[in-house]
Amino acid sequence: MTPSDIRTAVAELRRQLRLQVDPAKPGPVPLDAFFAELNYPRLIHHTVPDLTRGKVIDHLRGEGVRVLEAGDAAERLAGFIFKAGRAAWVYVSSDRDNPIGRQRFTAGHEFAHAVLHRDDMPEQFFADTHQMLSNPDAELGPKEREANLFAVELLIPEEVCRAREEELRREHGCCPRGVLVYRLAAELLVSRESTRYRLNELKVGDE
Ligand SMILES: [Zn+2]
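If you're wondering where the values come from, they're calculated on a predicted model, not measured in any experiment. (Residues numbered from 1 in each chain as written. Predicted model: local features only at pLDDT ≥ 70, side-chain atom pairs only at ≥ 80, totals over all residues. Heavy atoms only, no water.)

1. Some details on the overall build of the protein chain
In step 1: Across its full length, the protein chain carries nine helices and four strands.
In step 2: The helix and strand sequence of the protein chain, counted from the amino end, reads α-α-β-α-β-β-α-β-α-α-α-α-α.
In step 3: Rg of the C-alpha trace for the protein chain: 17 Å, near the compact-globule value of 17 Å for 207 residues, within the 12% margin.
In step 4: Counting over 207 residues, the protein chain shows a buried share of 48%. (Helix = DSSP H or I, 4+ residues; strand = E, 2+ residues; numbered from the N terminus. Rg over C-alpha atoms; globule rule 2.2 N^0.38 Å. Buried < 20%, exposed > 50% of the residue type's maximum accessible area, 1.4 Å probe, protein only.)

What follows is the structure in structure tokens.
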């Protein structure tokens, strides 16, 4: 999928779920509502302190889900999605390496797998480590890149970036990109890192 396909997929999803962007209303994108409204797969969403592969597998087995491959139980994870039939379990880690902005990004990334790759999940799941999510330009497989792009598109809407740029220009006559990064990251509860990436991509704000 190209970045433009991803943009279209997010716009289409917003329309379907009636969760359109309204820049007049400040605040973060209602990620919980996206999770609640998705019909297929139905998402079951857990935030787990210091998530590991072992904790995921134990939890899934506790829910009566048959999990074959277990892997290294001690491996630390940022996020994980497992789909079985029409349901999918999403796990996001809450730990010191994963502050709120990162957690939201991880949740958005797993949500992206649920939307984009629901019929095409390898071994029925994705296990995402911190490294995979933290560098958008790392040597990632196409599905991981798509999920990162989708998360940025979903959590940092272009309309909001442009509206806040306009406000800064009206108030101060200029819009330094660094200031806009700070404001948007605080409003949208996302990391400054991914906000900077987004503004560079959109060429919003003065360099
Ligand atoms: Zn992933």
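Still more to cover.
2. With respect to the side chain of Thr52
In step 1: Its location among the elements puts Thr52 in the loop between β1 (42-49) and α3 (53-62).
In step 2: At 3.1 Å, the side chain of Thr52 forms a polar contact with the backbone nitrogen of Lys55.
In step 3: Setting aside chain neighbours within four positions, we find Thr52 in contact with Ala73, Ala74, Glu75, Arg76 and Leu77. (Polar contact = N/O pair within 3.5 Å; in protein donor to acceptor, adjacent residues only side chain to side chain. Contact = heavy atoms within 4.5 Å.)

3. Digging into the pairing of strand β2 (residues 79-84)
In step 1: With five of six residues buried, β2 lies mostly within the body of the structure.
In step 2: Linking β2 back to strand β3 (residues 87-94) in an antiparallel pair, the connection comprises two residues, with Gly85 at a positive phi of about 65°. (Pairing = 2+ DSSP bridges.)

4. Points about the coordination of the zinc ion
In step 1: Protein coordination of the zinc ion is provided by His109 (NE2), His113 (NE2), Asp128 (OD), Asp128 (OD) and Glu144 (OE), with donor distances spanning 2.0 to 2.6 Å.
In step 2: Donor residues for the zinc ion, ordered by position in the chain, follow H-x3-H-x14-D-x15-E. Of the two residues, His109 and His113 both sit in helix α4 (residues 100-116), four residues apart, roughly one turn of that helix. As far as burial versus exposure is concerned, His109 and His113 are alike and both buried. (Donors = N, O, S within 2.8 Å, 3.2 Å for Na, K, Ca; no water.)

5. Looking at the packing of aromatic side chains
In step 1: Throughout the structure, instances matching the rule amount to four aromatic pairs.
In step 2: An angle of 80° between the planes, with centres 6.1 Å apart, marks the rings of Phe34 and Phe111 as edge-to-face. Of this pair, Phe34 sits in helix α2 (residues 31-37) while Phe111 is found in helix α4, placing the two residues 77 residues apart along the sequence.
In step 3: Through successive ring pairs, a cluster of aromatic residues spans Phe34, Phe35, Phe111 and Phe150. (Phe/Tyr/Trp six-rings, centres within 6.5 Å; stacked < 30°, edge-to-face > 60°.)

6. A short note on the domain arrangement of the protein chain
In step 1: Taken domain by domain, the protein chain holds domain 1 (3-155) and domain 2 (158-202).
In step 2: Of note, the centres of domain 1 and domain 2, computed from C-alpha atoms alone, are 25 Å apart.
In step 3: The interface of domain 1 with domain 2 comprises 17 residues on the first partner and 12 residues on the second.
In step 4: Between domain 1 and domain 2 lies a buried interface of about 1400 Å² when both sides are counted; carbon and sulfur atoms form 58% of it.
In step 5: Across the domain 1-domain 2 interface, the total number found is two salt bridges.
In step 6: Note that Arg102 is salt-bridged to Glu193, the shortest N-O span being 3.9 Å.
In step 7: Connecting domain 1 to domain 2 are five residue pairs in polar contact (both at pLDDT 80 or more).
In step 8: Elements supplying a minimum of two residues to the side of domain 1 that touches domain 2: α4 and α6 (142-155). (Domains from an automatic or database assignment. Buried area = accessible area lost by both parts, 1.4 Å probe. Salt bridge = Lys/Arg side-chain N within 4 Å of Asp/Glu carboxyl O.)

7. Focus: the nonpolar core
Note on soluble globular proteins: their nonpolar side chains tend to be buried together.
In step 1: Counting residues in each nonpolar core, the largest one holds 44 residues, and the members touching the most others are Leu13, Phe34, Leu43, Phe111 and Phe150.
In step 2: At the level of secondary structure, the elements contributing two or more residues to this core comprise α1 (3-16), α2, β3, α4, α6, α7 (158-172), α8 (177-188) and α9 (192-202).
In step 3: Ranked by residues supplied to this core, first place goes to α4 with seven residues.
In step 4: A domain split of this core shows at least three residues from each of domain 1 (3-155) and domain 2 (158-202).
In step 5: Setting aside residues up to four positions removed in sequence, Phe150 forms contacts with Ile6, Ala9, Val10, Leu13, Gly108, Phe111, Ala112, Val115 and Leu116.
In step 6: Ranked by size, the runner-up nonpolar core spans 14 residues in total, among them Val56, Ile57, Leu60 and Ala87. (Core = buried A, V, L, I, M, F, W, Y, C linked by side-chain atoms within 4.5 Å.)

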